[in-house]
Amino acid sequence: MEKMIELTRAWGNFVNTIRKSRLTENSEEVLEMVLKIFVVEFDLALAWVGKKEPDGSVSVYSVYPSQHPYPGEIKVRWDDSELGNGPTGKAIRFSKFHVVEDIEMEEWKAWKPFGEKYGFRCSAAFPLIVSNEVFGTINLYSRKKGFFTLDTCEILQSFTDLVAAMLEKTFLIEKATRRLKWMETLRSIDIAILSSMEMKVISDVLIYNLFSNMSIEGISVLFFDDNVLELYPFSTYGLPEEVKNVRIKLGKFIPGRAARERNVYVITKEEMDEPVRKIVMGTMGLNFYAVFPLISKGKLLGLLELFKREPFNHNKEWLNYFETLAGQFSIGIESARAFSEVENKSAELFLAYDQTIEAISSALDLRDKETEGHSRRVTELTVRIAEKMGIKGEKLKYVRWGALLHDIGKLGVPDSILQKPGALTEEEWEIMKKHPVLGYQMLSRIDFILPALEIPLYHHEKWDGSGYPRGLREKEIPLPARIFAVVDVYDALTNDRPYRKAYSKEEALEHIINQSGKHFDPEVVRVFVERII
């Protein structure tokens, strides 16, 4: 006995060392080492930790030897039932160690066939009391009948209390780490919502964090179609194509009921009633399922489904966290949908503007018979040259509108001048030269089109400063107007007029090149010639 006490004291010191080490940050590592000490130093056949579950069952938390099949073959409970009246159940219920001195005893009959198979002669269970509550038990088995004497058990209980103290510290570290990961996930979703209004991006961020931080093996996001009262898959991870093809009626099966009732469900594979999910869970070994309704401003948006091989630790803290996560995700979905609706409205408005501007441009061409089709041609070519010169995005839209409306000021020029078949007098020419300013005055009252007015106002300015209406020179002239000036002249030269035949392509290019540095920006001429040739 003295030797055993010495051993126990030594092992206690060793465990104390473990408590202070970094290994205590992982409860599984701690228990694996502790159970090994029990088995090796006490010459036991098996040691395993059983965890007390809320439903009255006892789950296997850790085993040594790790591959020993016995804990997986038996069922143990801690409630006052037949399976709860063995040493494990009683140790949990009464918070004190319990011994079966011989497996022939009545209270061990439920497990006797399994114990005989592995040569067990007696067993004992020692409660692990963590934070003043029974966490579970350390269950020990010996092939020596009568091994667990009172003295031995008191020593083993002291050792178990040491282990419980280590676990308490470890669980606190694990809890802090878990909460940190949860906060990281919520933060990632916050950042995704703030930085992107695309539902796919927000969904992908959620799925990545659930998979990497929460050890969730299968994830599915379903959206609710309130037109047909169905849930349809939007995004999945870790699940086969079959799941992606299933639409679920509101109120049908567990997912549909979760949506209709707006309740969280946490169930086992056996309880799943949706046929495809049940088959997939069985095939992939996904034994547990949780579903959270996605709700924003009282409106059902869809569901978040989680699939796991191991049980969910669905205590109040876990449920609160995932309900918060689902709520945050719902806000992201609602924001993305609202943004998408705004974008659609903006696109519709832009299309209406564009069609209106095209209609005005066509009306101008019809009024000026000499230039029919001119606006369409110069607009297409101007946009292509502008892209080549680095104008992109919204600016390109304004280039297009400006090109379409470049001659709108001619609405203020009398038909007698605009449609005169011969040369204009000096007085008539002065009136004609006012059309850029007239066009600007017409359009400058329309806020959305202001950025497009560079072309209507400045397309008759010249690189050397001899143009009109303001006599701007070189880069004082906005780039869109410099581009359009080249395109406008080229189109005019290559199309018939009543007073002359059209130039050939070569003749027109020669004129453009000759006017480089005089009428036209040399760089624009270079890009234009490369494009035309």
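In what follows, the accompanying structure is described.

Reading the values: rules and limits
Residues numbered from 1 in each chain as written. Predicted model: local features only at pLDDT ≥ 70, side-chain atom pairs only at ≥ 80, totals over all residues. Heavy atoms only, no water. Helix = DSSP H or I, 4+ residues; strand = E, 2+ residues; numbered from the N terminus. Buried < 20%, exposed > 50% of the residue type's maximum accessible area, 1.4 Å probe, protein only. Contact = heavy atoms within 4.5 Å. Areas by Shrake-Rupley, 256 points an atom, 1.4 Å probe, with all protein chains shown as cover. 1 Å grid on protein atoms, 1.4 Å probe; cavity = no way out; pocket = protein on both sides within 12 Å on 5 of 7 lines; lining within 4 Å. Points joined across faces, edges and corners; volume = space filled by probe spheres on them. Nonpolar A, V, L, I, M, F, W, Y, C, P; charged D, E, K, R; others polar. Axes fitted to C-alpha atoms, helices over the stretch in contact; angles between N-to-C directions. Parallel < 35°, antiparallel > 145°, perpendicular 65-115°, else oblique. Left-handed = near helix turned anticlockwise from the far one by under 90°. Pairing = 2+ DSSP bridges.

Secondary structure assignment for the chain yields 20 helices and 11 strands. Split into buried and exposed, the 533 residues of the chain put 44% on the buried side. Contacts in the chain between residues at least 24 apart in sequence constitute 58% of all its contacts with a sequence separation of at least 6. For the chain, the accessible area works out to roughly 27000 Å², and carbon and sulfur atoms hold 52% of it.

Tallied over the entire structure, the rule returns 3 cavities of 30 Å³ or more. Here the second largest cavity defines a volume of roughly 70 Å³. Among the elements that line the lining of the second largest cavity, the one with the most residues is helix 4 (residues 87-94), at 3 residues. Counted by class, the lining of the second largest cavity contains 8 nonpolar, 3 polar and no charged residues.

To describe two helices that pack against each other, one gives the angle between their axes and the distance between the axes. At a closest axis distance of 10 Å, the pairing of helix 19 (residues 505-514) and helix 20 (residues 522-532) adopts a crossing angle of 165 degrees. Here helix 19 lies roughly antiparallel to helix 20, going by the angle between them. Crossing handedness for the pair helix 19 and helix 20: left-handed. Residue-level contacts link Lys-505, Leu-509, Ile-512 and Ile-513 of helix 19 to Val-525, Phe-528, Val-529 and Ile-532 of helix 20.

Our focus in this paragraph is the sheet that holds strand 4 (residues 122-130). Ordered in space as 2-1-5-4-3, the 5 strands form an open sheet in which the pairing is antiparallel. The sheet is open, and its two borders are formed by strand 2 (58-64) and strand 3 (98-100), each paired with just one other strand. Neighbour-to-neighbour, the strand axes of this sheet turn through a mean angle of 20 degrees, independent of strand direction. Relative to strand 4, strand 3 runs antiparallel, the two being bridged by 3 bridges. What sits directly across from Val-99, in strand 4, is Ala-124. Sheet contacts for helix 4: strand 1 (46-52), strand 2, strand 3, strand 4 and strand 5 (133-142); angle to strand 5, the most-contacted strand, approximately 150 degrees.

Taking strand neighbours across the sheet as the criterion, the 6 strands line up as 8-7-6-11-10-9 in an open arrangement whose pairing is antiparallel. Edge strands, defined here as strands with exactly one partner in the open sheet, are strand 8 (248-249) and strand 9 (265-268). In terms of strand pairing, strand 9 meets strand 10 (residues 288-296) through 4 bridges, oriented antiparallel. Each bridged residue has a counterpart across the sheet, and for Val-266 the counterpart in strand 10 is Ala-290.

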